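# Structure at a glance
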Amino acid sequence: MALGRRTAVTSRARRAPQTVAGEAQEGTRNWRTLREGGSIHRVQQQQRGWSRRGMMVNSLSLCYHNKLILAPMVRVGTLPMRLLALDYGADIVYCEELIDLKMLQCKRVVNEVLSTVDFVAPDDRVVFRTCQRERSKVVFQMGTSDAEQALAVARLVENDVAGIDINMGCPKEYSTKGGMGAALLSDPDKIEKILSTLVKGTSRPVTCKIRILPSLEDTLNLVKRIERTGIAAIAVHGRKREERPQHPVSCETIKAIAETLSIPVIANGGSHDHIQNYLDIEDFRQATAASSVMVARAAMWNPSIFLREGLRPLEEVTQKYIRYAVQYDNHYTNTKHCLCQMLREQLESPQGKLLHAAQSSREICEAFGLGAFYEETTRELDSRRAEVLARTPAELEEPAEDTSGVIKMAVKFDRRAYSPQITPKMCLLEWCRREKLAQPVYETVQRPLDRLFRSVVTVAEHKYQSTLWDKSKKLAEQAAAIVCLRSQGLPEGRLSEESLSLHKRKREAPDQDPGGPRAQEPAVPGELCKKPFVTLGSGDESPLEGW
Ligand SMILES: Cc1cc2nc3c(=O)[nH]c(=O)nc-3n(C[C@H](O)[C@H](O)[C@H](O)COP(=O)(O)O)c2cc1C
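Quantities reported herein were computed from a predicted structural model and do not represent experimental measurements.

## Concerning the packing of helix α4 (residues 79-87) against helix α13 (residues 314-327)
Two elements in contact, α4 and α13, have axes whose closest approach is 9 Å; the angle formed by their N-to-C orientations is 130°. By the criterion of interaxial angle, the relationship of α4 to α13 is oblique. In this structure, the crossing between α4 and α13 has a hand that is right-handed. Where α4 approaches α13, its residues Pro 80, Met 81, Leu 83, Leu 84 and Asp 87 are matched on the opposing element by Val 317, Lys 320, Tyr 321, Tyr 324 and Ala 325. Looking at the contact of α4 with α13, its residues break down into eight nonpolar, no polar and two charged.

## Remarks on the confidence of the model for the chain
Looking at the chain as a whole, the pLDDT averages 81, with 77% of positions reaching at least 70. Considering only residues more than four positions removed or in separate chains, one finds that residues 1-59, a stretch of pLDDT under 50, has 110 contacts. In this model, residues 395-402 is a region of pLDDT below 50 whose contacts with residues beyond four sequence positions or in other chains number nine contacts.

## A closer look at helix α11 (residues 278-288)
Among the residues making up α11, those that are buried are Tyr 278, Asp 280, Ile 281, Glu 282, Phe 284, Arg 285 and Thr 288. Two to three positions downstream of the cap, the backbone nitrogen of Leu 279 sits 3.1 Å from a side-chain oxygen, assigning the N-cap of α11 to Asn 277. Immediately downstream of α11, the backbone of Ala 289 shows phi near 55°, a positive value.

## Topic: the side chain of Arg 239
Summarising the element assignment, Arg 239 is placed in strand β12 (residues 233-240). In this structure Arg 239 is buried but unpaired, with Asp 273 as the nearest side chain of opposite charge at 4.7 Å. A distance of 3.2 Å separates a polar side-chain atom of Arg 239 from the backbone oxygen of Pro 245. Polar contacts involving the side chain of Arg 239 include one to the main-chain carbonyl oxygen of His 247, which spans 2.8 Å. Setting aside its immediate chain neighbours within four residues, Arg 239 contacts Arg 211, Ile 212, Arg 244, Pro 245, His 247, Pro 248, Val 249, Gly 269 and Arg 297.

## Some remarks on the site of the ligand
Taken together, 17 residues lie around the ligand, and Gln 141, Lys 209, Asn 268, Ser 271 and Arg 297 are the ones closest in. For the ligand, an oxygen atom lies 3.4 Å from a polar atom in the backbone of Gly 269. Here the ligand loses 83% of its free accessible area of 610 Å² to cover by the protein chains. For the shell around the ligand, the residue count by class is seven nonpolar, seven polar and three charged.

## Some details on the pairing of strand β6 (residues 107-111)
Two elements, β6 and strand β7 (residues 116-120), share five bridges in a ladder whose sense is antiparallel. Counterpart to Arg 108 in the pairing with β7 is Phe 119. Here β6 hands over to β7 after four residues, with Ser 115 in that stretch at a positive phi of 55°.

## Here's the deal with the pattern of salt bridges
Under the definition given, this model contains 20 salt bridges. Glu 134 is paired through a salt bridge with Arg 82; the nearest N and O atoms lie 2.7 Å apart. A residue pair is termed long-range when its members are at least 10 positions apart, and Glu 134 in the loop between β8 (126-130) and β9 (138-143) and Arg 82 in helix α4 qualify at 52 residues. With respect to class, Glu 134 is no different from Arg 82; both count as buried. Three or more residues are tied together by salt bridges with common partners; here these are Asp 329, Asp 382, Arg 385 and Arg 451.

## Concerning the sheet that holds β6
Strand order in the open sheet formed by three strands is β6-β7-β8, with antiparallel pairing between adjacent strands. Sheet topology places β6 and β8 at the edges, where each strand pairs with a single neighbour. Strand-to-strand twist across the sheet, computed as the mean angle between neighbouring axes with direction ignored, equals 25°. Strand direction decides the pairing type here: β7 and β8, joined by four bridges, are antiparallel. The residue bridging Asp 118 from the neighbouring strand is Arg 129, located in β8. In the packing of α4 onto the sheet, the strands contacted are β7 and β8, and the crossing angle to β8 comes to about 25°.

## Considering the environment of Ser 215
Relative to the elements of secondary structure, Ser 215 occurs in the loop between β11 (206-212) and α9 (216-228). Judged by its relative accessible area of 28%, Ser 215 falls in the partly exposed class. Considering only alpha carbons, one finds Ser 215 and Thr 253, 38 residues apart in sequence, at a separation of 9.5 Å. A polar side-chain atom of Ser 215 sits 3.0 Å from the main-chain amide nitrogen of Asp 218.

## So, the environment of Val 139
Note that Val 139 resides in strand β9. A C-alpha to C-alpha distance of 5.6 Å links Val 139 and Ala 162, two positions 23 residues apart in sequence. What Val 139 contacts, discounting residues up to four positions off in sequence, is Leu 62, Tyr 64, Ile 92, Val 93, Tyr 94, Cys 95, Gly 163, Ile 164 and Asp 165.

## Here's the deal with the state of the cysteines
Under the definition given, this model contains zero disulfides. With no disulfide of its own, Cys 432 lies 6.7 Å from the sulfur of Cys 484, the closest cysteine sulfur.

## Describing the pairing of strand β17 (residues 453-459)
Within β17, seven of the seven residues are buried, which leaves the element mostly enclosed by the surrounding structure. Residues of β17 alternate between two faces, with Phe 453, Ser 455, Val 457 and Val 459 on one and Arg 454, Val 456 and Thr 458 on the opposite face, all of them buried. Where strand β16 (residues 441-446) meets β17, six bridges bridge the pair, whose relative direction is antiparallel. Looking across to β17, one finds that Glu 443 is bridged to Val 456. Following β16, the chain reverses through six residues before pairing antiparallel with β17; Arg 451 in that reversal takes a positive phi of roughly 60°.

## What about the nonpolar core?
Met 103, Phe 140, Ile 234 and Phe 306 are the most contacted members of the largest nonpolar core, which totals 117 residues. Among the elements that make up this core, the one with the highest residue count is α13 (seven residues). Dropping the residues within four chain positions of it, Ile 234 is found in contact with Cys 208, Ile 210, Val 223, Ile 226, Leu 261, Ile 263, Pro 264, Val 265 and Ile 266. Counting residues in hydrophobic clusters, the runner-up holds 23 residues, among them Phe 413, Val 459, Leu 475 and Leu 485.

About the cut-offs
- Residues numbered from 1 in each chain as written.
- Predicted model: local features only at pLDDT ≥ 70, side-chain atom pairs only at ≥ 80, totals over all residues.
- Heavy atoms only, no water.
- Axes fitted to C-alpha atoms, helices over the stretch in contact; angles between N-to-C directions.
- Helix = DSSP H or I, 4+ residues; strand = E, 2+ residues; numbered from the N terminus.
- Parallel < 35°, antiparallel > 145°, perpendicular 65-115°, else oblique.
- Left-handed = near helix turned anticlockwise from the far one by under 90°.
- Contact = heavy atoms within 4.5 Å.
- Nonpolar A, V, L, I, M, F, W, Y, C, P; charged D, E, K, R; others polar.
- pLDDT = per-residue confidence, 0-100.
- Buried < 20%, exposed > 50% of the residue type's maximum accessible area, 1.4 Å probe, protein only.
- Polar contact = N/O pair within 3.5 Å; in protein donor to acceptor, adjacent residues only side chain to side chain.
- Lys, Arg positive; Asp, Glu negative; His and termini not counted.
- Salt bridge = Lys/Arg side-chain N within 4 Å of Asp/Glu carboxyl O.
- Near = heavy atom within 4 Å.
- Areas by Shrake-Rupley, 256 points an atom, 1.4 Å probe, with all protein chains shown as cover.
- Pairing = 2+ DSSP bridges.
- Disulfide = S-S within 2.5 Å.
- Core = buried A, V, L, I, M, F, W, Y, C linked by side-chain atoms within 4.5 Å.

Have a look at this one:
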């Protein structure tokens, strides 16, 4: 019965104008047979030539037939989870939804330390990280409401991913109020524009993920219109926009869609009620007559749901997950979030409590008995980092971007040179209060390559920054405060300040301190004369007197 249905779907797929050769071939194979073959569809052939639309194509053909798919999940579908899902047998993995405007601010950076490709935001945060291992299996899911922006993002990422998907199902306000996600479902013209622009303009297969509409008729009309745009497949979450996970998923509606369309339909929404183990995935596929199945929550709880042999114990799964997280330098808050989703009711256990309290990747590792692994891996990464730094010093210098107006000096905050009670930040804050200025505002970025920090402090609408990078945010902020204070000739709380000023007074020679840090840390030429606010301390009286 199931095989009969597969054959019917497949023969339609063969007629489909969008079907690429690889899809038609694979479509003839039975689901279980494919699974028996182990990790299926390893062979992805590079295609080069002219498409029917007269465009030059140079793409890896991603086949959406008979596939087990990790669903897109915000904060869950990051690189460690995707790699783990692939290890356990997922054929395709979607990244978390990433918003077009955010992506358009990103630069593509090849990270030689981690062997990844990173898309890095102006604040140096990694928005999307991917690697060769998932290159032919990762689908980039985008939140968008604009065809041109969507195309620009697709072009930015297309050489690093296997497919492009548009999220048309997210009911959350942050998505819908910008006309994205499920809001698109009530604007079929826009859907058509976005999808056809992408299909024409990118070399990767384009898909979309929808929810169902209140009536079956409207749903079928919509999906037929979507199919005509030339997309490669459609994922259908069988719930309406206002429905929540506790509402039953409509297998009948997904089935009606699968029986109407020629392109592969990917059934979604079965976690918990239908899918609790590997075999349930196939039952859900049969119940929906779909070509493939996409799993979200069941995979978030335990990504070994994709394993034919059955679920692996959480202990093993969490260990593997953490190893990937450390190897790929995943931010600890994201690692912690994903582990919390896996542990669920075990969060009250001693290990769960340790996880809850963890404030770094090291502490997470220690909670799971992976302290030695953490040390070893970070040592390895550090030495790779040192190698890369030694090789490419020029690239790590100041970015060539225009930072005009920022007053810069090469300074570092050396804690030992300051009284523990008085730091440069405190001096600056106190000074701003006295001058009735708004309090200093610090903005800090972290450089992905070596994870060092740099801060800019804004005081009286002027910005101050050290050109040197620091090991922590706190140190970077202190360095920025020093730049501000020094450029204004203000005391900064150095232990030597009092004796220095006495010394200076005696000699009446203000620049005679060759051994002092200021002599080694010149300001960027010309910057010292930029004094946006009146310099105090022209006399010998400290503005901090009274502390
Ligand atoms: C934590 C979480 C995050 C999600 N993020 C996304 C997302 O980024 N994009 C998307 O299309 N759907 C997202 N979804 C919806 C899922 O992809 C899926 O449609 C839904 O959970 C139903 O599938 P399931 O029954 O297998 O969980 C998310 C769901 C969860 C639980």
